[in-house]
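Here's the letter readout for the chains.
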Amino acid sequence: MTGNTDLIENLEEFTKVHHGILDAAMSIGDLSQMYGELLAYAGFVEARYPAVHKEAMLCAERIAQARGDREAARDAG
């Protein structure tokens, strides 16, 4: 009887893990779709409003630089 109990417990655990992996895969698919939509929108903005797109890219570079500076300062002590 112990063998059957172990088998059932293993199957239950496998099912939990399987469902977790399936949920994660679905989330990755959703994120991928959203990323594609964001890329399409960025392309639209770039084509329609080139000056706005350029300013947004410059702003993103400034934010990234500031983050890098903060991290370097934190690491330096």
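Residues numbered from 1 in each chain as written. Predicted model: local features only at pLDDT ≥ 70, side-chain atom pairs only at ≥ 80, totals over all residues. Heavy atoms only, no water.

**Q** Would you mind going over the overall build of the chain in detail, with residue names and values included?
**A** Broken down by element type, the chain carries two helices and zero strands. Projected onto its principal axes, the C-alpha positions of the chain cover 75 × 45 × 5 Å. Counting the 77 residues in the chain, one finds 3% classified as buried. Accessible surface, the chain as shown: approximately 6,900 Å² in total, 63% of it carbon and sulfur. (Helix = DSSP H or I, 4+ residues; strand = E, 2+ residues; numbered from the N terminus. Buried < 20%, exposed > 50% of the residue type's maximum accessible area, 1.4 Å probe, protein only. Areas by Shrake-Rupley, 256 points an atom, 1.4 Å probe, with all protein chains shown as cover.)

**Q** Please set out the side chain of His53 residue by residue, giving values where relevant.
**A** Inspection of the secondary structure puts His53 in helix α2 (residues 50-76). With relative accessibility at 16%, the residue His53 sits in the buried group. When sequence neighbours within four positions are dropped, the list of residues in contact with His53 reads Ala42, Val45 and Glu46. (Contact = heavy atoms within 4.5 Å.)

**Q** Talk me through the pattern of salt bridges; I want residue IDs and the actual numbers.
**A** Side chains that differ in charge, positive against negative, can pair when their charged atoms come close. Evaluated as defined, the whole model comprises two salt bridges. Between Arg62 and Glu55 there is a salt bridge whose closest N-O contact spans 3.2 Å. For Arg62, a relative accessible area of 47% corresponds to the partly exposed category. (Salt bridge = Lys/Arg side-chain N within 4 Å of Asp/Glu carboxyl O.)

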